[in-house]
Amino acid sequence: FPVTITVPIQILFFESLFANVTIKADGERCMLVVARDGRVIRWTRKGTYSWTGLTARDDSHHGDVIDGEFVESKNLFLIFDVYRYRKQDTTTLPLLLATGAETIQKSRQSRLGCALEFVDDLAKDFDVVVSQTPFRIETKRFLVGDGATMEKAINTLLDAHVEYPTDRSYRDWE
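Bear in mind that the values here come from a model prediction, so they are computed numbers and not experimental data.

Let us now look at the overall build of the protein chain. Within the protein chain, the secondary structure is distributed over three helices and eleven strands. Going from N to C terminus, the protein chain has its helices and strands arranged as β-β-β-β-β-β-β-β-α-α-β-β-β-α. For the protein chain, the accessible area works out to roughly 9200 Å², and carbon and sulfur atoms hold 51% of it.

Put into structure tokens, the structure is as follows:
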């Protein structure tokens, strides 16, 4: 199966849910949209679109809108938000719930929970065209906290190794 699926979403909670932070990939902001014909389309801010090679097997995902960053060198889409999932407008849902476990257990009650489900659905609800460079979809890693815990979260992410290029960090300016 040529689509990489990363589950579960990596969410670490420190003290309280005042702010969240994630690594900014050096990629292009775009959306994945499941069209009426079932094809998963990557739509850029410039208005260009391309088929990802994924097609929904039925209409349960038609209209899904997934926001993220596309890293072309890795053919990797990193999800950071979901606006519509399984015919439900998710824009009024919180990004995360109070704990990582709650976000996973009550996945339809948060936008990142819906992202988890979408990634999980790829293996069972979508067909894929086999290619030499498979289109990959993963969820982004989010850390949350406030005050000193946010500083710890930021440092954790700055020290993290990821397989894709990232935007320059403040440490590059030191």
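After that view of the structure, there is still more to cover.
For helix H3 (residues 148-159), built from twelve residues, the straight-helix expectation of 16 Å at 1.5 Å per residue is met to within 8% by its first-to-last C-alpha distance of 17 Å. Restricting attention to buried positions, one finds in H3 the residues Thr149, Met150, Ala153 and Leu157. The buried residues of H3 all sit within an arc of 100 degrees when viewed along its axis, so they share a single face. Summarising the geometry of H3, the exposed residues directed more than 90 degrees from the buried face are Ala148, Glu151, Lys152 and Asp159.

Take the confidence of the model for the protein chain next. In the predicted model, the protein chain carries a mean pLDDT of 83, and 86% of its residues have values of at least 70. Taken as a whole, residues 1-17 scores under 50 in pLDDT and shows 65 contacts with residues more than four places along the chain or in a different chain.

Time to look at the pairing of strand E4 (residues 39-44). In this sheet, E4 lies alongside strand E3 (residues 28-34) in antiparallel orientation, the contact comprising five bridges. The residue of E4 that forms the bridge with Cys30 is Thr44. What sits between the antiparallel neighbours E3 and E4 is a turn of four residues, in which Gly38 has the positive phi angle 95 degrees. Where E4 and strand E5 (residues 49-56) come together, four bridges link them in antiparallel fashion. Along E5, the bridge assignment pairs Arg42 with Ser50. Hairpin connection of E4 to E5: four residues between the antiparallel strands, including Gly47 at a positive phi of 90 degrees.

The subject of this paragraph is the side chain of His61. Tracing the backbone shows His61 in the loop between E5 and strand E6 (65-71). A polar side-chain atom of His61 sits 2.6 Å from a polar atom in the side chain of Asp64. Those residues in contact with His61 that lie beyond four places of it in its chain are Val34, Ala56, Tyr85, Arg86, Phe118, Asp121, Asp125 and Phe126.

Phe77, Ile79, Phe118 and Ile137 are the most contacted members of the largest nonpolar core, which has 27 residues in total. For this core, the secondary-structure elements that each account for two or more residues are E3, E5, E6, strand E7 (76-85), helix H2 (111-125) and strand E11 (142-145). Broken down by element, the residue count for this core peaks at six residues, all from H2. Not counting residues up to four positions away in its chain, the partners in contact with Phe118 are Val34, His61, Asp64, Ile66, Ile79, Tyr85, Phe126 and Ile137. Val21, Ala25, Leu76 and Met150 belong to the second-largest nonpolar core, a separate cluster that totals eleven residues.

Conventions and cut-offs
- Along every chain, residues carry numbers that run from 1 in the direction the sequence is written.
- Per-residue local features of the predicted model are confined to residues with pLDDT of at least 70, and side-chain atom pairs are confined, for both listing and counting, to 80 or more; whole-chain, interface and lining totals are unaffected and use all residues.
- For side-chain calculations, the full set of non-hydrogen atoms in the structure is used, while hydrogens and water are omitted.
- Think of it this way: any DSSP run of H or I at least four residues long counts as a helix, any run of E at least two long counts as a strand, and we number them from the N terminus.
- Computed with a 1.4 Å probe, the accessible areas rest on the Shrake-Rupley method; for each residue, only the protein chains presented here act as cover.
- A helix is expected to span 1.5 Å for every residue after the first.
- Think of it in three bands: residues with accessible area under 20% of the maximum for their type are buried, residues over 50% are exposed, and the middle band is partly exposed, with areas taken using a 1.4 Å probe on protein chains only.
- Directions drawn from the helix axis to the C-beta atoms are what define this arc.
- Scored from 0 to 100, pLDDT records how confident the predictor is in each individual residue.
- We call two residues in contact when some of their heavy atoms are within 4.5 Å.
- Strands were regarded as paired on the criterion that DSSP finds at least two bridges between them.
- Contacts described as polar in this section are N or O atom pairs within 3.5 Å, which, within protein, must combine one atom able to donate a hydrogen with one able to accept it, while residues neighboring in sequence count only if both atoms come from side chains.
- Buried Ala, Val, Leu, Ile, Met, Phe, Trp, Tyr and Cys residues that are joined via side-chain atoms within 4.5 Å together make up what is termed a nonpolar core.

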